Amino acid sequence: MRKKSVLEFTLNGETRAVLCEPQQTLLEVLRDELRLTGTKEGCSNGNCGACNVLLDGVLVNSCLILALEVQGRTLLTVEGLARSDGTLHPLQQAFLDHAALQCGICTPGFLLSAKALLDEHPLPTESQVRFWLAGNLCRCTGYDKIVRAVLDVARTQAAQPPSVSATPV
Amino acid sequence: MPSVPASSSETAAPAWRVVGTRPVRPDGVDKVTGRALYGADLSLPGMLTGRVLRSPLAHARIKKIDTSAARALPGVRAVVTSADLPRAADRIEDLGEGAINLRYLSDNLLAGEKVLYHGHAIAAVAATSASIAEQALALIRVDYEPLAPVMTVTEALKPDAPLLLADLHTDRMGQRDAAPSNVASHLRHERGKLEEGFRKAALIIDRRFRTETVHQGYIEPQAATAQVQADGQVTIWSSTQGIFAVRSQVAEVLGLPVSQIKVVPTEIGGGFGGKISVYLEPLAVLLSRHAGFLPVRLVMSRTEVLTSTGPTSGSDIRIRIGADAEGRLTAMQAELYYEAGAYPGSPVGAAAVVSFAPYACDTMRVDGYDVVVNRPRASAYRAPGGTNVAFAVESVIDELAESLDLDPIEMRLINAVREGDRRPDNLPLSKIGYVECLQALRQSDHYRTPLTGRHRGRGVACGYWGNWGGQSSATAVLNSDGSVGFNVASTDIGGSRASLAMQLAESLGIDYSQVKPRIGDTDSVSYNDVTGGSRTTFATGWAAYELGQKLSAELRQRLALLWEVPVDTVTRQGDGFAAGEKRVGFAEAARLACEDAPLMVSTTVHPKGYGAAFSVQCADVEVDPDTGKVTVLRYTIVQDAGKAVHPSYVEGQMQGGVAQGIGWALNEEYVYNEKGELLNGSLLDYRMPTACDLPMIDTVIVEVPNPGHPYGVRGVGEVNIIPPAGTLANAIHRATGVRLTALPMSPPRVLAALWDKSGYSPFA
Amino acid sequence: MARVLIPALLQPLAGGNAEVAAEGASVGEVIRALEVTFPGLAVRLVQDGRLRPGISVAVDGVISHRGLRETVNPASEVIFVAALSGG
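What counts as what
Residues numbered from 1 in each chain as written. Chains lettered and ligands numbered in written order. Predicted model: local features only at pLDDT ≥ 70, side-chain atom pairs only at ≥ 80, totals over all residues. Heavy atoms only, no water. Contact = heavy atoms within 4.5 Å. Buried area = accessible area lost by both parts, 1.4 Å probe. Salt bridge = Lys/Arg side-chain N within 4 Å of Asp/Glu carboxyl O. Polar contact = N/O pair within 3.5 Å; in protein donor to acceptor, adjacent residues only side chain to side chain. Helix = DSSP H or I, 4+ residues; strand = E, 2+ residues; numbered from the N terminus. Nonpolar A, V, L, I, M, F, W, Y, C, P; charged D, E, K, R; others polar. Expected span 1.5 Å × (residues − 1). Buried < 20%, exposed > 50% of the residue type's maximum accessible area, 1.4 Å probe, protein only. Pairing = 2+ DSSP bridges. Axes fitted to C-alpha atoms, helices over the stretch in contact; angles between N-to-C directions. 1 Å grid on protein atoms, 1.4 Å probe; cavity = no way out; pocket = protein on both sides within 12 Å on 5 of 7 lines; lining within 4 Å. Points joined across faces, edges and corners; volume = space filled by probe spheres on them. Domains from an automatic or database assignment. Patch = residues over 30% accessible without salt bridge, like charges linked within 9 Å, V, L, I, M, F, W, Y side chains within 5 Å. Areas by Shrake-Rupley, 256 points an atom, 1.4 Å probe, with all protein chains shown as cover. Lys, Arg positive; Asp, Glu negative; His and termini not counted. Charge placed at Lys NZ, Arg CZ, Asp CG, Glu CD. Phe/Tyr/Trp six-rings, centres within 6.5 Å; stacked < 30°, edge-to-face > 60°. Lys NZ or Arg CZ within 6 Å of the ring centre and 35° of its normal.

## Re the interface of chain A and chain B
Now for step 1: Counting from both sides, the interface comprises 46 residues of chain A and, opposite them, 60 residues of chain B.
Now for step 2: Here chain A and chain B share an interface that buries about 4200 Å² over both sides, 59% of which is from carbon and sulfur atoms.
Now for step 3: Counting every contact that joins chain A to chain B gives 4 salt bridges.
Now for step 4: Here Asp41(B) makes a salt bridge to Lys40(A), at a shortest N to O gap of 2.4 Å.
Now for step 5: Joining chain A to chain B, the criterion identifies 24 residue pairs in polar contact (both at pLDDT 80 or more).
Now for step 6: Looking at the side of chain A that touches chain B, the elements that each hand over two or more residues are helix H1 (26-33), helix H2 (90-97), helix H3 (107-120), helix H4 (126-132) and helix H5 (144-158) of chain A.
Now for step 7: Broken down by class, the residue content of the side of chain A that touches chain B amounts to 21 nonpolar, 12 polar and 13 charged.

What follows is the structure in structure tokens.
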């Protein structure tokens, strides 16, 4: 048994403390220690994007980051996307409206990648969307409806005053 | 409601209230918020972590396995090998995924005398942590006697080829060859006099093709948890396409009565046929039993998924087709050699039917051979066997069309099968929408827009898939507020909760939002076949329809008693019921009907009228002459859905099948070295399409209603993956003048073919 | 009498015929009738009292799940085919 350390960080807006071993990845700690299983494991080596999260607003593969690297930092996972009153994030709603998921296992990762994209490029082109989502594998949809959902959110938000389209976290 | 600009509906159909609309799926919120629980998300008190030791060799005899050091490691609670499996019977059973010899199924779970592929399971360990389980694996000693690997059809058929299975003899429809062989079976479909047919041809094309092993590539690795109780009761939580298929396989392999096994489905992260065979479930049960009845969870790594679960067959194919000067086919011949992997069971039977099914020709012969090689045992993959053979057939048809100066759609229209025409196995086709699909593509904006530019080409190909019916069960519980609890056992892989709830709502005449679907376990719902064979929306949809009719009839009965009128005077009116002056809405009827006794109806179905599916596809590609990279510029899929219950999810099936087909055609393949080791067991090196590799995939849903279903539904899940490889091969040919006869048409292969054509030799 | 289509690999056992006529009210009876005319054919279709694994029967164009028990009419067409599996 390796010595455990206390990891403190801000997770989906709340300060959390958790014991973890030095070799544990962020993905393992999220899923096995914090029981936040919305972040999925598809390959464990950064090729599928199912475990994508936002670390200080930057898109990362949580399977490629050691948990202790997150000390003192801020993390957003799929569980933190909707508002606390249950209102879905516009991307979540758009994925539902566009039927942009079939089995749904890749969906959390896609939502985080899409949020990272729209945070940086509020009105992306189709090729920008495809480029930003290229780190996420989906085997069910052929990406068509996912790309349309993301473009739809971008266009809708661009047409609205910023206060209405403000996103949580 | 989103606008869906890329889709159009071709044929007017009856006006349903719910069927044909696009509501949000019932499980949608759980899946976009991360709450939905998949196979690896399950956690139980005291749960142990399991790991599997796998063979580094492709072909070897196991001389000895020593697990003593692993058992002695603190934290290890159980170690199991094939010695812990009961000796399985040498008997062939259909366990929900086609017939399989139980001994082969057992040997595939934990190797007995021999390992037959790189990644073949040898032992399993349960420990208090993943790291201890992994240390334990490293302590297991296995003595091997290495044998020469047999990796391809060519190697397997050599007279002096090493035999994988000493007791395997070629079966020729019930007759066993005397000598053992790597060819498990030979089947033949034939009609007419073949050589006479070829003599009538003005042109005969005879080509050989090769396709490589490919994987379903579901994003969720296999995951299973089992808990055995001291009284012998077994509970299994599994990410599977069929809970009853898991139950029957575990029961047979472990020698348990089905009454002792409960299988609980988790959400499933893709399957495409690959999550029907069991790999982990029996191991988890054995480990839990040996580990003091603690629950044990096994989750595969991605490498294990690629090395050790069933991909689909690579194949060697010969196609010979003759046509007269007008383009009418005079004779068709196919020789199909499919690699089954380590144990018999490639999809060559389905391939033999798919082969020439779109073509009306009274002279044909199809020979199919099931060949064992030292690769993982092939498993079903979306329209199993279809893509390989259609790549070959559609390439030859295209070559004929081009040589005869015929438009490729015209060529197919001249020879198109219609209702009553026969498939290669002589089964007549019922009502189909193939000609309608061809016409819809010809009239599409894509096909009518000329393609311009250098190194660009347009290809067309078609595909047939027979679909399946199978058995389904379902129960509907009427709540006193008029809502309906709807229990099914069909795993929801891609939105079937929605398509089933919609059919129940339609049948019952209530709002979709009033139906609450739930996927039950094997103890709470009656027998149900797998979610596979494009059957769920068709067959479980039949059950949903029947539940609506039964519930409606029971409500009329109860209202008639209450109102003291003859039951035949109680009719549906608007959203409720009426008899004479009396009238109630559905919710009020439910409240009244449930006052005396609760109301629940069940049904079981085994519908036979599953209509066949056709798809016709068109691609524009650009080939980079310097790198050989093929870029798909534009893609259109036309498919007959019979009736699209939820058009968005039908489009999703079409787009998803095309995307998998494009991956298969352009990049995906298992790469082995000469020792039979898989070299690309990761998602970096097993290259599936990303969002950057694909264009939008335009869909045209044709609706020629299936007379075998109350709403005209045909299965839509599989046929879409059959045409892409042929479509792209034909497009590449039109772009470059080069005809590729091997998949994948990856940059190195395309470049080599371009150099070959131009006579350029870079290494000369 | 029902029309029976014989699979190519079994035609040598059926006098080289691709199509024969046989009497019977069920698939099982049809096979028994075939065996009388063409000894050795039944064992290629039936094993342990049911259709061999890997063989299906279609009556009037519909693949049957009732096997030997499936009803056959005098005007029926009976086709023995290789069984398929899906995904």
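Once you've had a look at it, read on.
## Some thoughts on H5(A)
An α-helical turn contains 3.6 residues, so a residue and the one three or four places further along point in the same direction.
Residue and element names in this part refer to chain A.
Now for step 1: Its 15 residues give H5 an end-to-end C-alpha distance of 21 Å, which sits within 8% of 21 Å, the value for a rise of 1.5 Å per residue.
Now for step 2: Within H5, 11 of the 15 residues are buried, which leaves the element mostly enclosed by the surrounding structure.
Now for step 3: The set of residues buried in H5 consists of Asp-144, Lys-145, Ile-146, Val-147, Arg-148, Ala-149, Val-150, Leu-151, Val-153, Ala-154 and Gln-157.

## Describing the sheet that holds strand E28 (residues 599-605) of chain B
All names here are of chain B.
Now for step 1: Read across the open sheet, the 4 strands follow the order E24-E23-E22-E28; overall the sheet is mixed. Every other strand in the sheet has two partners, leaving strand E24 (515-519) and E28 as the edge strands with one partner each. Neighbour-to-neighbour, the strand axes of this sheet turn through a mean angle of 20°, independent of strand direction.
Now for step 2: Looking at chain direction, strand E22 (residues 472-478) and E28 are connected through 7 bridges and run antiparallel. Residue pairing in the sheet places Ala-476 in a bridge with Val-601 of E28.
Now for step 3: Along the sheet, helix H16 (residues 536-563) contacts E22, strand E23 (484-488) and E28; its crossing angle with E28, the most-contacted strand, is approximately 145°.

## Looking at empty space enclosed by the protein
All names here are of chain B.
Now for step 1: Counted by the stated rule, this structure contains 9 cavities of 30 Å³ or more.
Now for step 2: By volume, the largest cavity is sized at about 540 Å³.
Now for step 3: Breaking the lining of the largest cavity down by element, the ones donating at least two residues are helix H15 (496-508), H16 and helix H18 (647-666).
Now for step 4: Classifying every residue of the lining of the largest cavity gives 11 nonpolar, 17 polar and 5 charged.
Now for step 5: Counting contributing residues, the lining of the largest cavity receives three or more from each of domain 1 (1-11 + 427-467 + 611-764) and domain 2 (469-605).

## Comments concerning a negative patch on the surface
Residues and elements named next belong to chain A.
Now for step 1: Negative charge collects at one region of the surface, where Glu-28, Asp-32, Glu-33 and Glu-41 lie side by side.
Now for step 2: Mapped onto the elements of the fold, Asp-32 is located in helix H1.
Now for step 3: Judged by relative accessible area, Asp-32 falls into the partly exposed class, the value being 39%.

## A short note on the interface of chain B and chain C
Now for step 1: With 35 residues of chain B in contact, the opposing surface of chain C contributes 25 residues.
Now for step 2: Surface buried jointly by chain B and chain C totals about 2400 Å² across both partners, of which 65% is contributed by carbon and sulfur atoms.
Now for step 3: Ranking the residues of chain B by area buried against chain C places Met173(B), Leu427(B) and Lys608(B) at the top, with a combined share of 29%.
Now for step 4: Arg422(B) is the partner of Glu77(C) in a salt bridge, and the nearest nitrogen-oxygen pair spans 2.5 Å.

## Details of the sheet that holds strand E2 (residues 48-54) of chain B
All names here are of chain B.
Now for step 1: Read across the open sheet, the 7 strands follow the order E4-E8-E2-E17-E14-E15-E16; overall the sheet is mixed. Looking at the sheet topology across the chains shown, the edges are occupied by strand E4 (76-81) and strand E16 (261-265). For this sheet the average axis-to-axis angle between neighbouring strands, irrespective of direction, equals 20°.
Now for step 2: Taken together, the 5 bridges between E4 and strand E8 (residues 121-127) define a ladder with antiparallel strand orientation. Directly across from Val-76, in E8, lies its bridge partner Ala-127.
Now for step 3: Sitting on the sheet, helix H7 (residues 243-254) is in contact with strand E15 (234-238) and E16, with an inclination near 145° to E16.

## Side note on the packing of aromatic side chains
Now for step 1: Throughout the structure, instances matching the rule amount to 16 aromatic pairs over all chains.
Now for step 2: Ring geometry for Phe110(A) and Tyr143(A): centres 6.1 Å apart, planes at 50°, overall tilted. One end of the pair, Phe110(A), is in helix H3; the other, Tyr143(A), is in the loop between H4 and H5, with 33 residues separating them in the sequence.
Now for step 3: A relative accessible area of 1% means that Phe110(A) is categorised as buried.
Now for step 4: The exposure class of Tyr143(A) is buried, given its relative accessible area of 1%.
Now for step 5: Look at Tyr381(B) and Trp664(B): their rings are 5.3 Å apart centre to centre, the planes differ by 10°, and that puts the pair in the stacked class. Here Trp664(B) lies in helix H18 and Tyr381(B) lies in the loop between strand E20 (364-372) and helix H11 (386-403), a separation of 283 residues in the sequence. Each member of the pair Tyr381(B) and Trp664(B) is classed as buried.
Now for step 6: Joined through ring pairs, the aromatic side chains of Trp16(B), Trp542(B), Tyr545(B) and Tyr711(B) make up one cluster.
Now for step 7: Directly above the ring of Trp468(B) sits Arg535(B), whose terminal nitrogen or CZ lies 5.7 Å from the centroid.

## Section: the domain arrangement of chain A
Residues and elements named next belong to chain A.
Now for step 1: Parsing chain A into structural domains produces domain 1 (5-79) and domain 2 (90-159).
Now for step 2: Centre-to-centre, using C-alpha coordinates, domain 1 lies 22 Å away from domain 2.
Now for step 3: Taken together, the contacts link 13 residues of domain 1 with 13 residues of domain 2.
Now for step 4: The junction of domain 1 with domain 2 conceals about 1000 Å² of combined surface from both sides, 67% of it contributed by carbon and sulfur atoms.
Now for step 5: Our count for the contact surface shared by domain 1 and domain 2 stands at 5 residue pairs in polar contact (both at pLDDT 80 or more).
Now for step 6: Counting residues per element, the side of domain 1 that touches domain 2 draws most heavily on strand E3 (residues 52-55), at 3 residues.
Now for step 7: Residue composition of the side of domain 1 that touches domain 2, grouped by class: 7 nonpolar, 5 polar and 1 charged.

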